[in-house]
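Next come the chains, spelled out residue by residue.
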Amino acid sequence: MSVERASRTGGLGGRLATAAGLIAALGLTALAAAPSHRPARGAASVDQARLDHADADGGNWLSYGRTYSEQRFSPLTQIDTHNVGQLGLGWTFETNEGRGAEASPIVVDGVMYVTSAWSVVYALDARTGRQLWSFDPKVNHAVSGWSCCDVVNRGVAVWKGRIYVGTIDGRLVAIDAKTGRKVWDVVTLDQTKPYALTGAPRVAKGLVFIGNGGAEYGVRGFVSAYDAETGKLRWRFYLVPGDPAKGPDHAASDPQMAMARRTWTGSNYWKYGGGGTAWDAIVYDPELDQLYIGTGNGSPWDRKVRSPGGGDNLFLSSIVAVKPETGQYLWHFQETPGEAWDFTATQPLILATLRIRGAARKVLMQAPKNGFFYVLDRTTGKIISGRNFVPMAKASETPKGMPISWAYGLDANGRPLENAEARYMDGPALVAPSGVGAHNWQPMSYSPQTGLVYLPARTTYREYKRYDDFVYRDHLRNAGVTVSKRAYQYGDKDAPPAPPPPPELRSYTKGELLAWDPIAQKPRWRVASPDTQFGGTLATAGGLVFWATSGGHVAAFDAADGRTLWDADAGMTILTAPMTYSVDGVQYVAVMTGASINFPIRTVGLTPKSRVLVFRLGGTAAPLPYPRPDPTPAPPTIEATETELAYGERLFAENCSLCHGPDAMGNGVVPDLRRTPVIQDRDAFRSVLAGALASQGMPNFGKWIRPGEADAIRAYLTAQAGKLYAAEQARK
Ligand code: CA
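Residues numbered from 1 in each chain as written. Predicted model: local features only at pLDDT ≥ 70, side-chain atom pairs only at ≥ 80, totals over all residues. Heavy atoms only, no water.

K.L.:
Before we move on, could you go through the overall build of the protein and cite the residues and values that matter?
P.N.:
When you go through the protein residue by residue, the secondary structure sums to 11 helices and 40 strands. Overall size of the protein, expressed as C-alpha extent along the three principal axes, is 90 × 60 × 50 Å. By the burial criterion, 62% of the 732 residues in the protein qualify as buried. Pairs at least 24 apart in sequence give 63% of the contacts found in the protein among residues at least 6 apart. Carbon and sulfur atoms form 53% of the exposed surface of the protein, whose accessible area is close to 26900 Å². Taking the average place of the 77 positive charges on the side chains of the protein and the average place of its 68 negative ones, the gap between the two points comes to 3 Å. (Helix = DSSP H or I, 4+ residues; strand = E, 2+ residues; numbered from the N terminus. Buried < 20%, exposed > 50% of the residue type's maximum accessible area, 1.4 Å probe, protein only. Contact = heavy atoms within 4.5 Å. Areas by Shrake-Rupley, 256 points an atom, 1.4 Å probe, with all protein chains shown as cover. Lys, Arg positive; Asp, Glu negative; His and termini not counted. Charge placed at Lys NZ, Arg CZ, Asp CG, Glu CD.)

K.L.:
Just give me the short version of the pairing of strand β20 (residues 329-334), but keep the residues and values in it.
P.N.:
Bridge count between strand β19 (residues 318-322) and β20: five bridges; the pairing is antiparallel. Paired with Val322 across the bridge in β20 is Tyr329. Counted between consecutive antiparallel strands, the loop separating β19 from β20 contains six residues, among which Gly327 sits at a positive phi close to 80 degrees. (Pairing = 2+ DSSP bridges.)

K.L.:
Go over unusual backbone geometry, please, and point to the residues and values.
P.N.:
Note that the residue after Leu314, namely Phe315, is joined by a cis bond; omega there is -5 degrees. Here Phe315 is to be found in the loop between α6 (303-306) and β19. Following Ala432, the chain continues to Pro433 via a peptide bond in cis, the omega torsion being -10 degrees. Along the chain, Pro433 falls in the loop between β28 (429-432) and β29 (445-447). One non-glycine residue, His250, lies in positive phi territory at about 55 degrees. Among the structural elements, His250 can be located in the loop between β14 (233-238) and α5 (254-261). Accessibility expressed as a relative area gives 72% for His250, which makes it exposed.

K.L.:
Any details on the environment of Gly543? Residues and values, ideally.
P.N.:
Structurally, Gly543 is set in the loop between β34 (537-540) and β35 (544-549). Measuring from C-alpha to C-alpha, the distance between Gly543 and Trp341 comes to 37 Å, with 202 residues separating the pair along the chain. Ignoring sequence-local partners within four residues, the contact set of Gly543 consists of Thr81, Gln449, Phe557, Asp558 and Ala559.

K.L.:
Describe the packing of aromatic side chains, listing the residues and the values that go with them.
P.N.:
This model, assessed by the stated rule, comprises 31 aromatic pairs. Ring centres 4.9 Å apart and planes at 80 degrees place the aromatic pair Tyr68 and Tyr284 in the edge-to-face group. In this pair, Tyr68 sits in the loop between α4 (48-52) and β1 (73-74) while Tyr284 sits in strand β16 (residues 282-285), placing the two residues 216 residues apart along the sequence. Like Tyr284, Tyr68 is buried. A ring pair is formed by Phe222 and Tyr238, whose centres lie 5.3 Å apart and whose planes are at 55 degrees; its orientation type is tilted. Here Phe222 is found in strand β13 (residues 222-227), whereas its partner Tyr238 is found in strand β14, with 16 residues between them in sequence. (Phe/Tyr/Trp six-rings, centres within 6.5 Å; stacked < 30°, edge-to-face > 60°.)

K.L.:
Requested: an account of α5, with residues and values cited.
P.N.:
Of the residues making up α5, those classed as buried are Gln256, Met257 and Ala260. Seen from one end, α5 has its buried residues packed into an arc of 115 degrees, which puts them on one side. Looking at the buried positions of α5, the neighbouring elements they touch are β14 and β20. (Arc of directions from axis to C-beta.)

K.L.:
Please provide a residue-by-residue account of the packing of helix α10 (residues 682-692) against helix α11 (residues 707-731), values included.
P.N.:
How two helices sit against one another is set out by the angle between their axes and by the gap between those axes. At a closest axis distance of 9 Å, the pairing of α10 and α11 adopts a crossing angle of 115 degrees. By the criterion of interaxial angle, the relationship of α10 to α11 is roughly perpendicular. Relative to α11, the crossing made by α10 is right-handed. Packed against α10, whose contacting residues are Arg682, Phe685, Arg686 and Leu689, the element α11 presents Pro707, Ala710, Asp711, Ile713, Arg714 and Leu717 at the interface. By residue class, the composition of the contact of α10 with α11 is six nonpolar, no polar and four charged. (Axes fitted to C-alpha atoms, helices over the stretch in contact; angles between N-to-C directions. Parallel < 35°, antiparallel > 145°, perpendicular 65-115°, else oblique. Left-handed = near helix turned anticlockwise from the far one by under 90°. Nonpolar A, V, L, I, M, F, W, Y, C, P; charged D, E, K, R; others polar.)

K.L.:
Quick one: what's the story with the sheet that holds strand β30 (residues 452-459), residue by residue and with numbers?
P.N.:
If you walk across this open sheet you meet the four strands as β29-β30-β32-β33, and the pairing is antiparallel. This sheet does not close on itself; its edge strands, each paired only once, are β29 and β33 (522-529). Recorded for the sheet is a direction-independent mean angle of 30 degrees between the axes of neighbouring strands. Sheet analysis places strand β32 (residues 510-517) next to β33, joined by seven bridges and oriented antiparallel. Each residue of the ladder has a partner; that of Leu513, found in β33, is Val527.

K.L.:
Please give an account of the environment of Val678 that cites residues and values.
P.N.:
Note on placement: Val678 falls in the loop between α9 (657-660) and α10. Assessed through its relative accessible area of 25%, Val678 is described here as partly exposed. When residues no more than four places from it in sequence are discounted, the contact partners of Val678 are Ala684, Phe685 and Val688.

K.L.:
Break down the state of the cysteines for me, with residues and values.
P.N.:
On inspection of all chains with the given rule, the structure shows one disulfide. Here Cys148 engages in a disulfide with Cys149; their sulfurs sit 2.2 Å apart. In this structure the cystine formed by Cys148 and Cys149 twists about its S-S bond by roughly -100 degrees; its chirality is therefore left-handed. For Cys148, a relative accessible area of 22% gives the class partly exposed. Cysteine Cys656 remains unbridged, with the sulfur of Cys659 as its closest cysteine sulfur at 9.1 Å. For Cys659, which is in no disulfide, the shortest distance to another cysteine sulfur is to Cys149 and amounts to 8.9 Å. Since its relative accessible area comes to 24%, Cys659 is described here as partly exposed. (Disulfide = S-S within 2.5 Å.)

K.L.:
If you had to explain the sheet that holds β16 to someone new, which residues and values would you point to?
P.N.:
The strand order across the open sheet built from four strands is β16-β17-β19-β20, with neighbouring strands paired in antiparallel fashion. Two strands in the sheet have a free side with no partner beyond their single neighbour: β16 and β20. Neighbour-to-neighbour, the strand axes of the sheet open up by a mean angle of 15 degrees, direction not taken into account. Pairing of β16 with strand β17 (residues 290-294), which is carried by four bridges, proceeds in the antiparallel orientation. Counterpart to Asp285 in the pairing with β17 is Gln290.

K.L.:
Mind laying out the pattern of salt bridges, listing which residues take part and the relevant values?
P.N.:
According to the stated counting rule, one finds 37 salt bridges in the structure shown. The partner of Arg524 in a salt bridge is Asp517, with the nearest N and O atoms 3.3 Å apart. Residue Asp517 is classed as buried on the basis of its relative accessible area of 10%. Connected via shared salt-bridge partners are Asp169, Arg171, Lys182 and Asp185. (Salt bridge = Lys/Arg side-chain N within 4 Å of Asp/Glu carboxyl O.)

K.L.:
Any chance you could break down the confidence of the model for the protein for me, citing the residues and the numbers?
P.N.:
In this model, the protein carries a mean pLDDT of 90, and residues with pLDDT of at least 70 account for 91%. This stretch, residues 1-37, has a pLDDT under 50; its non-local contacts, to residues over four places away or in other chains, come to 17 contacts. Below pLDDT 50 for its whole length, residues 485-499 participates in 39 contacts with residues either more than four positions away or in separate chains. (pLDDT = per-residue confidence, 0-100.)

The following block contains the structure:
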């Protein structure tokens, strides 16, 4: 029991002759403290003391990773290995937004706070799903044109009666938790630059911490701390150096910028932003009073453009520790020096105390995109151990034609032992993992009971190929690396199949749930997945691991051995992690569904709204049906030569495929261009490419794609539409 809770109960008993007061006065404290008799405290009571004791507050999920340690381990035991098979749907809440969903719901004393696409916040009765309020920050939809990975939001923070949300257009908004009304709203970044903000704010010591994203487009990453009460900026820490001609930033990071600058080369390293954006993990450590920031990839990816003479390029792909109150630098650990593959270190951070070689060590654990599982001593930032959790090998030992691992091991300081060929300096290279990541933002969890980390991992690769003549294109993708024409890791189950990759490469790409022993640095068990797109995990004291598995299922496994104990078909893509809470003595398991533009699983030609699905023992709620897409209209006939079609295909891959799908296999989250009426009309198609829909997030390519090139793309799209149309007709 926390001190705060005890004093509240005492105060009530002293003032009022309530039943609870009488019970307390009679000394029946056990009864008075039982959950169903406890007075509802709500978001107003979420303060430092309550967050510090969140571990023991089993019914609630007070912050992004449940507790400051972000272990995503729940002490709830009502649902366990014996009865989990009786889980059924308790309720469903459908949001109004039909784009990607990546939020972790927060639950405080029976109220759930969850976000959906476009940074919209909902407060729900956690027992029934009844909406209490919603808050729409009315973001600028044009932002979606430079949001690499959809207009998603990973959730809110709660502090002293307020809900904090970061918006996709770069604001931090404080909302009254009772009414859903805005309290304050501050702009956290330069809105003239192609930033996107998707991360959940974190809160500690009266400060709200928030980062940003956008390193594929050309921005400079930083983290800011705002006064939770007033919204005033308290400090900012830049993660890469800026233009030296502009002088110091007058930021908390100023003393470190000289050190960082020495690791960049050339005279223009600041010109394209540099990257290092902290778009996910920002974790407060109450034991050591430190704040850990996971930083992003280089901008552009191609180091030869960014930093032509080489260099580590601090603080790309690093964990940076600072003092929470001031942003003062404490230490850093760089995972991918001279990053060149979109290898972020923004992935979830888990804090724990592990007994290693007889000593209790305060560690920080991360499984970033680059495929190594890191265990750091978080007091110093020094590595304790690191091991690859996906296959890696020396280039000389890699069969010809197979992807080359970017590295094959770590030295004693945790610095990677690289395969030089993987740097794609002298020509394209097939490299593993791909920038999608051996593990991305999908949360992993850690059970102190089993000592295992439950990690959704994948084995992927991609071709990295530089542009010989990189041209920066304002507010467009500026990775400096070509877009793979075939993205083998994605698949559209209803579409005609793309020419398949060679069989050995197909079997190379796979996903799995790993139960990773962070002390021995090896898996204890693994569960294979049929593909590589899935959500995160949750571990519980009921001996369970929940995982949002491939194809929109959510399943429960025995935490000890990986046996599947329960599986439910959510009917829609899940990218989030399940979470659990209890109200009035009933334990619930919640998960958010929703397909994003990047992950076209089970979402062909329709725009499903994201949902919160909540399960409980004996739940019998009927699932809501999903709409089916209309048949594809017959595409126009366009006379085009093979050369024109190939040209259109290449232009599409370079400029359009990131959002509209590889080979134009759109998923319906943004328009499937094979089904859109816009391809019926040449001038309409040209005008869309020239910015007619920019306010809705369709980028303006007017400066870069000439009308004749637009026609080639349209010819290619109609050819793709023709294939889909024919396939649908044949099925009739
Ligand atoms: Ca990136």
